[in-house]
Amino acid sequence: CQTAPDAGTRLASALDRMAAITARLEMNASAEAVGSSALGGGFTTSIRATGELVPPDRVHLVLDGAGRLREVVIIGHRIWVDGGDGLRLSSRVQIGPLREAQAPLAFIRGPGRAEFAGIGLSRGVLTYRVRMDLDSTGLQARLRSDQPVDPDSRGVIEVEIGLFDGLIRRQSLEVLEPADPFSGTGLRTVRSSYTIEYWDHGRPLEVREPN
């Protein structure tokens, strides 16, 4: 069970199962820019969100740390946001990795060698951990074609799969990329990361269009 083919098979099966099962989720995303000559050494921003995922294309989130943004409902390619005056239909707004309901899970698919990374524990559930190291080509394949990736960028995807139920319990991504050397900010590296935990798989959850 510790071979790369087994890790890839388990991961593909878990992604297929997650495409058709409801779950509660918690996401923590952050972006950190650092540099020895930058004012204050750099800066960090972070967002926390909790909500419900209802396949194939619905998610509801309550946010903390996103400025005025308090709540988001995504159904297909439509998004409703609450900036303090209630949920209103809006143009698409990307919240960390959640530009659409299945985006974080879809991001896992793509080029890269899945490797067994040990046994873990997520919310009391034993997990089979899978890791994929990504070079700039692997990152570019997962992003929009008009979103260029620096050749020196690197990323790591880690996924924890329930050892006995084969469902994804946690996924994380960390990307390190060079900062723009001509920005004049003194920043050298940008580190972007997020972790999403899933639980209550298969519970009767509902995400409706706001009134």
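Here's a quick rundown of the structure. (Residues numbered from 1 in each chain as written. Predicted model: local features only at pLDDT ≥ 70, side-chain atom pairs only at ≥ 80, totals over all residues. Heavy atoms only, no water.)

Focus: the overall build of the protein chain
And then number 1: When you go through the protein chain residue by residue, the secondary structure sums to three helices and 11 strands.
And then number 2: Counted from the first residue to the last, the protein chain has its helices and strands arranged as α-β-β-β-β-β-β-α-β-β-α-β-β-β.
And then number 3: Going through the 211 residues of the protein chain one by one, you find that 40% of them count as buried.
And then number 4: Of the contacts formed within the protein chain by residues at least 6 apart in sequence, a portion of 55% connects residues at least 24 apart.
And then number 5: Carbon together with sulfur atoms contributes 50% to the accessible area of the protein chain, which is approximately 11200 Å² in total. (Helix = DSSP H or I, 4+ residues; strand = E, 2+ residues; numbered from the N terminus. Buried < 20%, exposed > 50% of the residue type's maximum accessible area, 1.4 Å probe, protein only. Contact = heavy atoms within 4.5 Å. Areas by Shrake-Rupley, 256 points an atom, 1.4 Å probe, with all protein chains shown as cover.)

With respect to the pattern of salt bridges
And then number 1: Under the defined criterion, the tally for this structure stands at 19 salt bridges.
And then number 2: Among the salt bridges present, the one from R203 reaches D200, with a minimum N-O distance of 3.9 Å.
And then number 3: Taking relative accessible area as the criterion, D200 reaches 22% and is therefore assigned partly exposed.
And then number 4: When salt bridges with common partners are traced through the structure, they connect E26, R48, R123, E160, R170 and E197 into a single cluster. (Salt bridge = Lys/Arg side-chain N within 4 Å of Asp/Glu carboxyl O.)

Focus on the pairing of strand β10 (residues 168–178)
And then number 1: When strand β9 (residues 154–162) meets β10, the two strands line up antiparallel, connected through eight bridges. Bridge assignment links I157 to a residue of β10, and that residue is L173.
And then number 2: Taking the residues that link successive antiparallel strands as the turn, the β9-β10 hairpin has five residues, and the phi of G166 there is positive, at about 70°.
And then number 3: With nine bridges joining them, β10 and strand β11 (residues 189–199) adopt antiparallel strand pairing. Of the residues in β11, the one forming a bridge with R170 is E197. (Pairing = 2+ DSSP bridges.)

Describing the packing of aromatic side chains
Geometrically, a pair of aromatic rings is defined through the distance of the ring centres and the angle of the planes.
And then number 1: Throughout the structure, instances matching the rule amount to one aromatic pair.
And then number 2: The interplanar angle of 45° and the centroid separation of 4.8 Å between the aromatic rings of F116 and Y128 together place this pair among those described as tilted. On the criterion of sequence distance, the pair formed by F116 in strand β7 (residues 115–122) and Y128 in strand β8 (residues 125–134) is long-range, its members being 12 residues apart.
And then number 3: For the cation-ring pair, R10 lies above Y128, with the distance from its terminal atom to the ring centre recorded as 4.2 Å.
And then number 4: The ring of W199 is capped by R123, whose NZ or CZ atom sits 3.7 Å from the centre of that ring. (Phe/Tyr/Trp six-rings, centres within 6.5 Å; stacked < 30°, edge-to-face > 60°. Lys NZ or Arg CZ within 6 Å of the ring centre and 35° of its normal.)

Section: helix α1 (residues 4–18)
And then number 1: Look at α1: 21 Å from first C-alpha to last across 15 residues, which is about the 21 Å you get at 1.5 Å a residue.
And then number 2: Those residues of α1 that fall on the buried side of the exposure criterion are A4, A7, L11, A14, L15 and M18. Projected down its long axis, α1 carries its buried residues within an arc of 100°, all on one side. Away from its buried face by more than 90 degrees, α1 exposes P5 and T9. (Expected span 1.5 Å × (residues − 1). Arc of directions from axis to C-beta.)

Side note on the nonpolar core
And then number 1: Ranked by internal contacts, the top residues of the largest apolar core, which has 41 residues, are L11, V72, L105, I108, I157, I168 and Y198.
And then number 2: Looking at this core, the element that brings in the most residues is α1, giving five residues.
And then number 3: Residues V73, I75, W80 and L205 belong to the second largest nonpolar core, which totals six residues. (Core = buried A, V, L, I, M, F, W, Y, C linked by side-chain atoms within 4.5 Å.)

Remarks on a nonpolar patch on the surface
And then number 1: A cluster of nonpolar side chains, contributed by I119, L121, L126 and F164, occupies part of the molecular surface with about 460 Å² of accessible area.
And then number 2: Relative to the helices and strands, I119 is located in strand β7.
And then number 3: By relative accessible area, I119 is classed as partly exposed at 49%. (Patch = residues over 30% accessible without salt bridge, like charges linked within 9 Å, V, L, I, M, F, W, Y side chains within 5 Å.)

Focus: the environment of L25
And then number 1: Mapped onto the secondary structure, L25 falls in strand β1 (residues 23–34).
And then number 2: The sequence separation of L25 and L53 amounts to 28 residues, and the corresponding C-alpha distance is 7.0 Å.
And then number 3: Not counting chain neighbours up to four residues away, the residues in contact with L25 comprise A49, T50, G51, L53, V59, L61, I196, E197, Y198 and W199.

A closer look at unusual backbone geometry
And then number 1: With an omega of 10°, the peptide bond between P55 and P56 qualifies as cis.
And then number 2: Unlike most non-glycine residues, R123 shows phi in positive territory, near 50°.
And then number 3: Following the sequence through the fold, R123 ends up in the loop between β7 and β8.
And then number 4: Even without being a glycine, D200 presents a positive backbone phi close to 55°.
And then number 5: Considering the arrangement of structural elements, one finds D200 in the segment after β11.

Distances and angles like these do not, on their own, reveal function.
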